[in-house]
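Fold and geometry: a report
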Amino acid sequence: MLRASAASFSYPLDIEAVRDPSIPSGVPGGNLLLRFVDALLIDTEPVDHIRELIVNDLGPEALVDTASVFGNFSMMNRIAEGSGIPIAAAAVERERALVDTLGLADFVKH
Amino acid sequence: MFAYTGAPVPVRPDLRYSHISTWGHFSRPGPTLRGDQRIDLLDSARADSAERDAEGIGLSPTTGALADHLMHRPASVNETVVRRSAAADGDAAAVEVIGLVSMLSAVDFTHLGLGADLEPLPQPQPGPPTGVVAEGLKRRRTHIPVPPGPIPVVLDLVPDEGAAFQAMFGPHYMTGWEMALDGFARNPGLDRAQMELVSSRTSLHNECFY
């Protein structure tokens, strides 16, 4: 979905930025958004500072969207873990390059 | 209710209404739990003390442990954790708890992202559990009985929880219709590529492959 949406907007997406936010993402404001998640979940830097940067660079509505998407996927991740919804082995193989790029193999629970 | 005290920006009305609606849903009797049990469980899950408090709520410690792990250590939730809860309190109770805690995380983590104080949980509403539980569902290599279909339907063993869960997507992320559009954008706000960066990094940290 990220690759398809980036292509839709003609962004020069570097998917490796999802794994390493120090890599330019190619998406406007993208690295700020990645830093926001890191600040909240692994305390990499003061969140207030990142919020201010998002508001200044992307607008106040963007901060609300960022927080709500973060909330939504906090929920979706828990639904996935609680339900144990499986990932088909064929689907993993189809996306092998992406799985390897992002280091996702350890998260697959067949 | 839902003043988002501490947030530096105003919150979209549709997002606020979603949170108000979710709080109302939590307060009402569920399929297996009374309203007061649901609120007590959520309060304990917030404090990472649901395992300790479970028997006082009328649940097994294993279901309390499921709530604690799901809220605070989601990557640690596996089939064993869920099956222990289901064995003790039944599949419907386990699914109800998974739904409640997950939906609470959406609201609380949105507040965390905004820098807003967490909203106090609502007062419970009276009444017995509804007993509304779907029949004929089975585990499909899943931890819980589910209908065939994608992740939005996984709570449908307890349909009212499933409906409340699905109602949160649009205000927090995108509606089903909007998800069909690779070029979706809120204006003003984020476009889809920006949203997917947030979702991807969040999921990576939560060790969620899906």
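Please read these numbers as outputs of a predicted model, since none were measured by experiment. (Residues numbered from 1 in each chain as written. Chains lettered and ligands numbered in written order. Predicted model: local features only at pLDDT ≥ 70, side-chain atom pairs only at ≥ 80, totals over all residues. Heavy atoms only, no water.)

1. Some details on the nonpolar core
Selection criterion: To define a nonpolar core, start from buried Ala, Val, Leu, Ile, Met, Phe, Trp, Tyr and Cys residues and group those joined through side-chain atoms within 4.5 Å. Each residue's exposure class comes from its accessible area (1.4 Å probe, protein chains only) as a fraction of the maximum for that residue type: buried when under 20%, exposed when over 50%, partly exposed otherwise. The numbering of helices and of strands both runs from the N terminus, where a helix is a DSSP run of H or I of at least 4 residues and a strand a run of E of at least 2.
Core analysis: the biggest nonpolar cluster contains 78 residues, and M75 of chain A together with L114 of chain B have the highest contact counts within it. In terms of residue count, helix α6 (residues 91-114) of chain B provides more of this core than any other element does, 13 residues in total. A6, V27 and L34 of chain A together with A193 of chain B belong to the second-largest nonpolar core, a separate cluster that totals 12 residues.

2. Some thoughts on the packing of helix α2 (residues 35-46) of chain B against α6 of chain B
All names here are of chain B. As a reminder of what qualifies: Lines fitted to the C-alpha atoms define the axes, with helices restricted to the stretch that makes contact. Angles between their N-to-C directions range from 0 to 180 degrees. If an angle is under 35 degrees, it is roughly parallel; if it is over 145, roughly antiparallel; if it lies from 65 to 115, roughly perpendicular; otherwise it is oblique. Here is the rule for handedness: rotate from the far helix to the near one, and if that takes an anticlockwise turn smaller than a right angle the crossing is left-handed, while a clockwise turn gives right-handed. Residues are treated as being in contact if the distance between any of their heavy atoms lies within 4.5 Å.
Interaxial distance between α2 and α6 falls to 10 Å at its minimum, and their mutual angle equals 60°. By the criterion of interaxial angle, the relationship of α2 to α6 is oblique. Remark: the crossing between α2 and α6 carries right-handed chirality. Here α2 contributes R38, L41, L42, A45 and R46 to the contact with α6, which in turn contributes E96, V97, L100, V101, L104 and D108.

3. Some points on the interface of chain A and chain B
As a reminder of what qualifies: Reported buried area values correspond to the accessible surface (1.4 Å probe) lost by two parts on association, with both partners' losses combined. By convention in these notes, a salt bridge is any Lys or Arg side-chain nitrogen within 4 Å of a carboxyl oxygen on Asp or Glu. Any pair of nitrogen or oxygen atoms within 3.5 Å is treated as a polar contact; in protein, a donor-acceptor pairing is required on top of that, and neighbouring residues in sequence qualify only through side-chain atoms on both sides. Each residue gets one label: Ala, Val, Leu, Ile, Met, Phe, Trp, Tyr, Cys and Pro are nonpolar, Asp, Glu, Lys and Arg are charged, and the others, such as Gly, are polar.
Contact residues are listed per partner, giving 62 residues for chain A and 67 residues for chain B. The contact between chain A and chain B buries some 5900 Å² in all, and 72% of this surface belongs to carbon and sulfur atoms. At the boundary of chain A with chain B, the tally comes to three salt bridges. Residues R201 of chain B and D38 of chain A are paired through a salt bridge, measuring 2.8 Å at the closest nitrogen-oxygen approach. For the interface between chain A and chain B, the tally reads 20 residue pairs in polar contact (both at pLDDT 80 or more). Mapped onto the side of chain A that touches chain B, the elements with two or more residues apiece are α1 (2-8), α2 (16-19), α3 (30-42), α4 (47-58), α5 (60-83) and α7 (96-102) of chain A. The leading source of residues in the side of chain A that touches chain B is α5 of chain A, at 24 residues. Classifying every residue of the side of chain A that touches chain B gives 40 nonpolar, 13 polar and nine charged.

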